[in-house]
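Residue-level structural notes
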Amino acid sequence: MCDSAADLVAACQAQDHGAQRELYEKYQHRVFRLATRLVGVSDAADATQQVFLQLFRAIGQFRGQARFETWLYRLAVNECLQHIRRRGKVRTRELAYEPVDRSASSTNRMELRELLEAALGQLDPDLRAIFVLREVEELNYNQIAETLQIAEGTVGSRLNRARSHLRELLIELGWIP
Amino acid sequence: MKCVEIEKLLSPFHDGELSEEVRASVDAHLDDCTDCAQTIAAMRSMSHLVAHSPVPDAPDELWTSLEEQLDSTEAMTPARLPVYRHILRLNTALVAALVLVAVGVGIRVFRGFHVHEHTMNHAAMDFERYWSAFRMGSDQGQRLLASQFETRLVDVADVEERLQYRPVVANGPPPGFQLDATYLVKMPCCTCVETVCRGENGQMLLVLEHTAEQAVCFGNRSAVSCPCGGKQTQMIQLENALAATWPVGNRSVTVIGVQDMDQLAEVVRHFDREAGQSGSDRVGS
């Protein structure tokens, strides 16, 4: 059992299998939650697995210059965005358009949880990422800037855009603010 | 303050990221402005919606599945499948051609590689590791590269002066990408030009241009010889991406990080066109 995140990371860097399990247990809920909001419920498990495979593969490169959680979030967001791009390419070839039933009767039936997922799924992936880091993971602007490697000053304006687009999408789906 | 100034501050206001003084100004504005007040109300409603939309737990079998992949000597093989699936979806005939070309040309490629096996493996870049580092951020990737080879940040004019040719990226990155940085990298085969390109959607693409006659070395990785974008490319699969190399004039270009065969064809055609326009010749010749 490792006492701190730093010990746990060091043990994983030494290929300690038990430490890998411990690290997975410690962070799997956070990664799965992020993946669910970024890639959707149906792909969240695949994306989470990919995040941890990539994590254990790249953990030797973690030098402790950033907080481990920041590094993990960065990796998880990047993996999820890659997942979305790959999936998007396949889907756009299979379907000329994504059929969406926006009639009032359908939105009435749609639960709020499903409505949120449908709207997030239509939001630009980069805007989705910043929105999820703030609203779901509750990172502050400094942590978001470090995670996405952007200037802290641009976090607010991107969140404005993300929220504005998401609001429009939700309203189109029948949401009443 | 006016609406146009306040609008920029609405998310920071909602997220508690403003100083007391600015926060008070926004508060005062919201008392008089229905539009901005509605925007803030909508932000609060969305936060409430997110907070009250539960996320299911990760499936119990996820660790077991992950563990199997970690234990396997071919640990990353399943993770590579999606890209192959894309190839299969794209064009069955292309896949058939790929297999035939891989088998037919493979022997020739192997013989060609065998001659230089020792030298090439010695000179090989660890593409997997390099790509993995780059996906964590271009700084990390570049640091890893710099730990193995002598690198120097340059601009195109420096390249032309030092290497006496105009690199293909100098005429423009592939459509949808921007040039992030250009480096000279002293490799065992030659000094090459490395360019980091970033796509509008955040995709990273690395472009290496060598003067060496033979394509960049993939080490012990088995490359597939494949016609793509009108060129014969040597291609390997990395985790969730492809790396490919092909001749352009008397040099070779290698790209790392293309998503699939369609994108590779686009990139190959772009650089071929750019090289054709510039003559792809040595400066002053």
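Presented here is an overview of the structure given in this document. (Residues numbered from 1 in each chain as written. Chains lettered and ligands numbered in written order. Predicted model: local features only at pLDDT ≥ 70, side-chain atom pairs only at ≥ 80, totals over all residues. Heavy atoms only, no water.)

All right, on to the nonpolar core then. In globular proteins that are soluble, nonpolar side chains generally tend to be buried together. By size, the foremost hydrophobic cluster in this structure holds 66 residues, and its most contacted members are Leu23, Phe52, Leu55 and Phe68 of chain A. Apart from the residues within four sequence positions on either side, Leu55 of chain A is in contact with Leu23, Phe68, Trp71, Leu72 and Leu75 of chain A. Core analysis: the second largest hydrophobic core is formed by 22 residues, Trp246, Val253, Val258 and Leu264 of chain B among them. (Core = buried A, V, L, I, M, F, W, Y, C linked by side-chain atoms within 4.5 Å. Buried < 20%, exposed > 50% of the residue type's maximum accessible area, 1.4 Å probe, protein only. Contact = heavy atoms within 4.5 Å.)

What follows concerns helix α8 (residues 141–148) of chain A. Residue and element names in this part refer to chain A. Regarding α8, the residues found buried are Tyr141, Ile144, Ala145 and Thr147. For α8, the angular spread of buried residues about the axis comes to 165 degrees, placing them on one side. Where α8 starts, the residue carrying a side-chain oxygen 3.1 Å from the main-chain nitrogen of Asn142 turns out to be Asn140. Looking one or two places after α8, you find Gln149, whose phi comes out positive at around 55 degrees. (Helix = DSSP H or I, 4+ residues; strand = E, 2+ residues; numbered from the N terminus. Arc of directions from axis to C-beta. Polar contact = N/O pair within 3.5 Å; in protein donor to acceptor, adjacent residues only side chain to side chain.)

Residues and elements named next belong to chain A. Across the interface, helix α7 (residues 125–135) lies against helix α9 (residues 152–172) with an axial gap of 9 Å and an inter-helix angle of 100 degrees. What the angle tells us is that α7 and α9 run roughly perpendicular. When α7 is examined against α9, the residues Leu127, Ile130, Phe131, Arg134 and Glu135 are found in contact with a partner set consisting of Val155, Arg158, Leu159, Arg161, Ala162, Arg163, His165 and Leu166. Residues of the contact of α7 with α9, tallied by class, amount to seven nonpolar, one polar and five charged. (Axes fitted to C-alpha atoms, helices over the stretch in contact; angles between N-to-C directions. Parallel < 35°, antiparallel > 145°, perpendicular 65-115°, else oblique. Nonpolar A, V, L, I, M, F, W, Y, C, P; charged D, E, K, R; others polar.)

How big an interface is tends to be reported as the loss of accessible area on association of its parts. At the junction of the two partners, chain A supplies 55 residues and chain B supplies 58 residues. When the two sides are added together, the surface that chain A and chain B hide from each other amounts to roughly 5100 Å², 56% of it contributed by carbon and sulfur. There are two salt bridges connecting chain A and chain B. For Asp15 of chain B, the salt bridge is made with Arg134 of chain A, and the minimal N-O distance between the two is 2.9 Å. Taken together, chain A and chain B are joined by 13 residue pairs in polar contact (both at pLDDT 80 or more). If you list the elements that add at least two residues to the side of chain A that touches chain B, you get α2 (17–39), α3 (41–58), α4 (68–94), α6 (112–122), α7 and α9 of chain A. If one sorts the elements of the side of chain A that touches chain B by residue count, α4 of chain A sits on top with twelve residues. Of the residues in the side of chain A that touches chain B, the class split is 21 nonpolar, 17 polar and 17 charged. (Buried area = accessible area lost by both parts, 1.4 Å probe. Salt bridge = Lys/Arg side-chain N within 4 Å of Asp/Glu carboxyl O.)

Let's shift gears to the pairing of strand β3 (residues 191–199) of chain B. All names here are of chain B. Among the nine residues in β3, seven count as buried, and that is most of the element. Direction of pairing for strand β2 (residues 177–186) relative to β3: antiparallel, over a ladder of nine bridges. Residue pairing in the sheet places Thr182 in a bridge with Thr195 of β3. In terms of strand pairing, β3 meets strand β4 (residues 204–210) through six bridges, oriented antiparallel. (Pairing = 2+ DSSP bridges.)

Per the counting criterion, the structure on display carries seven aromatic pairs over all chains. Taking 5.0 Å as the distance between ring centres and 40 degrees as the angle between the ring planes, the aromatic pair formed by Tyr24 of chain A and Trp63 of chain B counts as tilted. Here Tyr24 of chain A is found in helix α2, whereas its partner Trp63 of chain B is found in helix α5 (residues 62–71) on a different chain. Grouping residues by exposure puts Tyr24 of chain A and Trp63 of chain B together as buried. (Phe/Tyr/Trp six-rings, centres within 6.5 Å; stacked < 30°, edge-to-face > 60°.)

Let us look at the side chain of His270 of chain B. Residue and element names in this part refer to chain B. Along the polypeptide, His270 turns up in helix α12 (residues 261–278). Here Pro173 takes part through its backbone oxygen, which lies 3.0 Å from a polar atom of the side chain of His270. Setting aside residues no more than four positions away along its own chain, His270 makes contact with Gly172, Pro173, Pro174 and Pro175.

A separate point is the sheet that holds strand β1 (residues 150–154) of chain B. Residues and elements named next belong to chain B. In spatial order, the strands read β1-β2-β3-β4-β8-β7-β6-β5; together these eight strands make up an open sheet with antiparallel pairing. With one partner strand each, in any of the chains shown, β1 and β5 (224–228) form the two edges of the open sheet. On average, each strand axis in the sheet is inclined to that of its neighbour by 25 degrees, with strand direction left out of account.

On to the side chain of Ser53 of chain B. By the element assignment, Ser53 of chain B lies in the loop between α4 (34–51) and α5. Under the relative-accessibility criterion, Ser53 of chain B is labelled buried at 4%. Polar side-chain contacts of Ser53 of chain B include one of 2.6 Å to the backbone oxygen of Leu49 of chain B. Beyond its immediate sequence surroundings of up to four residues, Ser53 of chain B is in contact with Arg37, Leu112, Arg113 and Leu116 of chain A.

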